[in-house]
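Listed below are the residues making up each chain.
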Amino acid sequence: MGTTPPSHAVREVNRPADTYRVTVAGRLDDHWADWLGGHTLVRNDDASTTLTLPVVDQAQLHGVLGRIRDLGADLLALDMIGEQPVCAPALDRPLHTERLTLRPATTYDAEPTWAYRRLDSVNEWLTGVPADLEEYRTLFAEPSRLAATVIVELADDSGGRVIGDFMLRLEDAWSQVEVVECAQDAQAELGWVLDPSHTGVGYATEAVRELLRYCFEELAVHRVVANCFLDNDASWRLMEKVGMRRETHAVSESLHRSGQWLDTVGYAVLAHEWKHPYARSSHEIKEKT
Ligand SMILES: CC(C)(COP(=O)(O)OP(=O)(O)OC[C@H]1O[C@@H](n2cnc3c(N)ncnc32)[C@H](O)[C@@H]1OP(=O)(O)O)[C@@H](O)C(=O)NCCC(=O)NCCS
């Protein structure tokens, strides 16, 4: 198997790939790895060789296996070791409050949320304004975004009218390398957008309180954070109402699409501080720490 491989190589692909591990009998030379698409090749102690292959589709996998067969190498094992991480929703079941249902988003929620997100009064403080529903649909369906989106519906007899979409994103806390595993998914970030025809009646507060409960009691996170422009009073007041503490005030930090550099504020609440969120303000939390 130490012969020179043919000059043509497996075509390069730019799509997310699954990773397969293929073990064949015999000791393949390194240059066969190039011929098979530049994959990792390890010669094992038992005189077998293991190739690690990023594979974008079954046709490519069959092509690689065909080439291995052409080499005359016996296939000993084939297993998938690195599926693209599936973006599991941070909220995996509906939650119910007195007036609301919070549930994981689906792609069908693009249209009802676009109905209010397209309004200037709503998107003034949001990251971007998609040009139209089609562009928004694409962004909304992006797996990591969809997994972090929580739909807020009225729990009345309106048939589950969508009145908001919140963000619940799990993230790793910063840590030193020795304890990196303990910091995985230790922090959650929240965000919120409500249909303006349903603001001013406490729905955001009700939904955020339930998400905080879910984060601390069910996801067992250590810390929940949220950020907004300082000029977005409704947003940071909401953070304070649910017991979050202002921890940062960055001056002229973020460029608004108006061309102005604006201040931003960051809030957080820790698991051990979150005990009776309905009764505590950030002022009380500060006094305890
Ligand atoms: C930020 C946002 C979600 C806040 O929504 P909201 O409806 O104003 O928030 P709340 O749930 O706190 O409700 C506000 C008011 O409802 C009233 N309210 C509270 N509980 C109530 C209840 N149980 N019954 C009736 N009214 C109630 C109160 O007047 C309360 O205001 P106050 O507590 O300051 O007196 C909303 O303004 C929004 O979607 N903005 C656009 C998008 C945006 O900027 N997102 C944040 C980006 S960082």
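So, how was this worked out
- Residues numbered from 1 in each chain as written.
- Predicted model: local features only at pLDDT ≥ 70, side-chain atom pairs only at ≥ 80, totals over all residues.
- Helix = DSSP H or I, 4+ residues; strand = E, 2+ residues; numbered from the N terminus.
- Buried ≥ 20, exposed ≤ 12 C-beta atoms within 10 Å, placed from the backbone.
- Pairing = 2+ DSSP bridges.
- Axes fitted to C-alpha atoms, helices over the stretch in contact; angles between N-to-C directions.
- Contact = placed C-beta atoms within 7 Å.
- Near = placed C-beta within 6 Å.
- Nonpolar A, V, L, I, M, F, W, Y, C, P; charged D, E, K, R; others polar.
- Arc of directions from axis to C-beta.
- Parallel < 35°, antiparallel > 145°, perpendicular 65-115°, else oblique.
- Left-handed = near helix turned anticlockwise from the far one by under 90°.
- pLDDT = per-residue confidence, 0-100.

(A) Structural detail: the overall build of the protein chain. What the protein chain contains, in helices and strands, is 9 helices and 12 strands. In the protein chain, which comprises 289 residues, the share counted as buried stands at 26%.

(B) Spotlight on the sheet that holds strand β2 (residues 40-43). A sheet is described by the order of its strands in space; here 4 strands give the open sequence β2-β3-β1-β4, paired in antiparallel fashion. Two strands bound the open sheet, and with one partner strand each, they are β2 and β4 (75-80). Adjacent strand axes in the sheet meet at a mean angle of 15° when their direction is disregarded. With 5 bridges connecting them, strand β1 (residues 18-25) and β4 associate as antiparallel partners. When the bridges of β4 are listed, Y20 appears paired with M80.

(C) The environment of L41, seen in detail. Tracing the chain through its elements places L41 in strand β2. Judged by C-beta crowding, with 20 C-beta atoms within 10 Å, L41 ranks as buried. Residues L41 and T52 lie 11 residues apart in sequence; the distance between their C-alpha atoms is 6.5 Å. Filtering out sequence-adjacent residues up to four positions away, L41 remains in contact with L28, D30, W32, A33, T49 and L51.

(D) Structural view of the site of the ligand. Neighbouring residues of the ligand: 20 residues in total, closest T199, G202, A204, C228 and A234. Element by element, the count of residues in the shell around the ligand is highest for helix α8 (residues 233-241), at 5 residues. A breakdown of the residues in the shell around the ligand according to their chemical character gives 11 nonpolar, 7 polar and 2 charged.

(E) Region of the structure containing helix α3 (residues 110-117). When α3 is considered as a whole, its buried residues turn out to be A110, T113 and Y116. Angularly, the buried residues of α3 cover 135° about the axis, an arc narrow enough to put them on a single face. Turning to α3, the residues buried within the fold contact α4 (120-123), α5 (133-140) and β8 (162-171).

(F) How the structure looks around the environment of G266. Take G266: it is sitting in strand β12 (residues 261-270). By C-beta crowding, G266 is classed as partly exposed, having 17 other C-beta atoms within 10 Å. Note: C-alpha distance between G266 and M244 (22 residues apart in sequence) is 9.5 Å.

(G) Representation of the sheet that holds strand β9 (residues 187-194) in the model. Taken in spatial order, the 8 strands make up an open sheet running β5-β6-β7-β8-β9-β10-β12-β11, and their pairing is mixed. Whereas interior strands pair on both sides, the edge strands pair on one side only; in this sheet they are β5 (95-96) and β11 (245-255). Where strand β6 (residues 100-104) meets strand β7 (residues 149-154), 5 bridges bridge the pair, whose relative direction is antiparallel. Directly across from P104, in β7, lies its bridge partner V150. The strands that helix α7 (residues 203-218) touches are β5, β6, β7, β8, β9, β10 (223-229) and β12; relative to β9, the one it contacts most, it runs at about 160°.

(H) Up close: the packing of α3 against α5. At a minimum axis distance of 10 Å, the contact between α3 and α5 shows a crossing angle of 120°. One way to sum up the angle between α3 and α5 is to call them oblique. At the point where α3 passes α5, the crossing takes the right-handed sense. Counting all contacts with α3, which are made through A110, E111 and W114, the residues of α5 involved are L133, Y136, R137 and F140.

(I) How the structure looks around the environment of A115. Structurally, A115 can be placed in helix α3. Judged by C-beta crowding, with 13 C-beta atoms within 10 Å, A115 ranks as partly exposed. Measuring from C-alpha to C-alpha, the distance between A115 and I163 comes to 9.8 Å, with 48 residues separating the pair along the chain.

(J) Inspection of the confidence of the model for the protein chain at higher detail. Confidence in the prediction for the protein chain averages 86 pLDDT; 86% of positions are at 70 or higher. The low-confidence segment residues 1-15 (pLDDT under 50) makes 21 contacts with residues lying over four places distant or belonging to another chain.

(K) Representation of unusual backbone geometry in the model. Residue D185 is not a glycine yet carries a positive backbone phi of 55°. Mapped onto the elements, D185 comes out in the loop between β8 and β9. Phi is positive for A220, close to 55°, though the residue is something other than glycine. Looking at where A220 falls in the secondary structure, it is placed in the loop between α7 and β10. A220 sits in the exposed class, given 10 other C-beta atoms within 10 Å.

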